[in-house]
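Working through the structure, step by step
This is what each chain is made of:
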Amino acid sequence: MELENFHNKVLPAKDRLYRVAYWMLKDSAEAEDVLQEGMLRLWLYRQKLLLCHNVEAFAIRTVRNLCLDRLKSKAYKNRQSLEGLEYSESGAASPHQQTEAANHNDVLMRLMQTLPEQQQWLLRLREVEELSYEEIEEVTGMQVNAIRVALSRARKTLREQFIKVSSYEKLG
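In this numbering scheme, every chain counts its residues from 1 along its sequence in written order. With the structure being a predicted model, the display of local features is reserved for residues of pLDDT at least 70 and the display and counting of side-chain atom pairs for 80 or more, all residues being used for whole-chain, interface and lining totals. As a convention, hydrogens and water are excluded, and side-chain values are obtained from all of the structure's heavy atoms.

**Here's the deal with the packing of aromatic side chains**
Operational definition: When two rings of Phe, Tyr or Trp (its six-membered ring) have centres within 6.5 Å they constitute a pair, described as stacked for plane angles under 30 degrees, edge-to-face for angles over 60, and tilted for the intermediate range. Helix and strand labels come from DSSP, where a helix needs a run of H or I of at least four residues and a strand needs a run of E of at least two; each type is numbered from the N terminus. Type-normalised accessible area, obtained with a 1.4 Å probe on protein chains alone, sets the label of each residue: buried when under 20%, exposed when over 50%, and partly exposed for intermediate values. Counted as over-ring charges are cases with an Arg CZ or a Lys NZ within 6 Å of the ring centre that also lie within 35 degrees of the ring normal.
Scanning all chains against the criterion turns up three aromatic pairs. Relative to Trp-43, the ring of Phe-6 has its centre 5.1 Å away and its plane inclined at 85°; by these criteria the two rings are edge-to-face. On the criterion of sequence distance, the pair formed by Phe-6 in helix 1 (residues 3–9) and Trp-43 in helix 3 (residues 28–44) is long-range, its members being 37 residues apart. Judged by its relative accessible area of 6%, Phe-6 is buried. In this structure, Arg-126 is placed above the aromatic ring of Tyr-133, and the distance from its NZ or CZ to the ring centre is 4.1 Å.

Now the structure itself:
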């Protein structure tokens, strides 16, 4: 794979790779480090990328594995903070609607963290990164049917928990 081909196939996925790293590590500096290391690895293995059916899926898997390595390292565990991700809504909604949407988003993010790690990862790839089932299959190594079942169960659990929390807030 030549430089131009690398620029056309790998570099467009850079933002998505950063978002995956940031989501997993919850630290922008760490995510940038992992992204840089991932891009270096992809460059070093650029000849093998010619054999890949989906280069972007391979790149996501590479960054994911680097993040998992980083999370396992003792040094990272000592520096890890407990701060969560902040999400913001934009648009022409009223301040009340924006606050309500932000509260719902916060509740969903907290509820999502109660799901098994695999379901969190699959939801992230499907709903946030908008990967197809086939791309998720390449990233995770799971079969498409298993992905569909896991996503269905995750969505059902989130829906049930969100309804419980929402109905409790209305009563209180």
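**Side note on the packing of helix 5 (residues 55–72) against helix 9 (residues 133–140)**
Quick reminder of the rule: With axes taken as lines fitted to C-alpha atoms, and helix axes fitted only over the stretch in contact, angles between N-to-C directions fall between 0 and 180 degrees. Oblique is the label for any angle not covered by the other classes, which are roughly parallel (under 35 degrees), roughly antiparallel (over 145) and roughly perpendicular (65 to 115). Crossings are classed by handedness, with left-handed meaning an anticlockwise turn of the near helix from the far one by less than a right angle and right-handed meaning a clockwise turn. Contacts: residue pairs with any heavy atoms within 4.5 Å of one another. Under the scheme applied here, ten amino acids are nonpolar (Ala, Val, Leu, Ile, Met, Phe, Trp, Tyr, Cys and Pro), four are charged (Asp, Glu, Lys and Arg), and all others, including Gly, are polar.
Their axes nearest at 8 Å, the elements helix 5 and helix 9 cross at an angle of 40°. With respect to their mutual orientation, helix 5 and helix 9 come out oblique. Relative to helix 9, the crossing made by helix 5 is right-handed. Contacts between helix 5 and helix 9 involve Ala-57, Ile-60 and Arg-61 from the first element and Glu-135, Glu-138, Val-139 and Thr-140 from the second. Class assignment for the residues of the contact of helix 5 with helix 9 results in three nonpolar, one polar and three charged.

**Quick look at the side chain of Gln-120**
Just so we agree on the cut-off: Side-chain atoms alone can form a polar contact between residues adjacent in sequence; in general such a contact is a pair of N or O atoms within 3.5 Å, and within protein one must be able to donate a hydrogen while the other accepts it.
Turning to its location among the elements, Gln-120 is positioned in helix 8 (residues 117–128). For Gln-120, a relative accessible area of 16% puts it in the buried group. Within the structure, Gln-120 has its side chain in polar contact with the backbone oxygen of Met-112 (distance 3.4 Å). Residue contacts for Gln-120: discarding those within four places in its chain leaves Trp-23, Met-112, Gln-113, Thr-114 and Leu-115.

**Here we look at the pattern of salt bridges**
Convention followed: For this analysis, a salt bridge means a side-chain nitrogen from Lys or Arg found within 4 Å of a carboxyl oxygen belonging to Asp or Glu.
Overall, the coordinates contain eight salt bridges when judged by the stated rule. One salt bridge connects Arg-124 with Glu-129, and the closest N-O pair in it is separated by 3.6 Å. For the pair Arg-124 and Glu-129, one class covers both residues: buried. In this structure, the salt-bridge partner of Glu-127 is Arg-155, at a minimum N-O distance of 2.4 Å.

**Quick word on the nonpolar core**
Let me state the cut-off plainly: By nonpolar core we mean a set of buried residues, namely Ala, Val, Leu, Ile, Met, Phe, Trp, Tyr and Cys, connected to one another through side-chain atoms within 4.5 Å.
Leu-17, Ile-60 and Trp-121 are the most contacted members of the largest nonpolar core, which totals 43 residues. Ranked by residues supplied to this core, first place goes to helix 5 with eight residues. Setting aside chain neighbours within four positions, we find Ile-60 in contact with Arg-16, Leu-17, Val-20, Trp-121, Leu-125, Leu-131 and Val-139.

**Description of the packing of helix 2 (residues 14–25) against helix 3**
The N-to-C vectors of helix 2 and helix 3 enclose an angle of 130°; their axes lie 8 Å apart at closest approach. By the angle class used here, helix 2 and helix 3 are oblique. At the point where helix 2 passes helix 3, the crossing takes the right-handed sense. Where helix 2 abuts helix 3, its residues Lys-14, Leu-17, Tyr-18, Ala-21, Tyr-22 and Leu-25 lie against Ser-28, Glu-30, Ala-31, Glu-32, Val-34, Leu-35 and Met-39. Looking at the contact of helix 2 with helix 3, its residues break down into nine nonpolar, one polar and three charged.

**Description of unusual backbone geometry**
The phi angle at Lys-26 is positive, at roughly 55°, despite the residue not being glycine. Since its relative accessible area comes to 35%, Lys-26 is described here as partly exposed.

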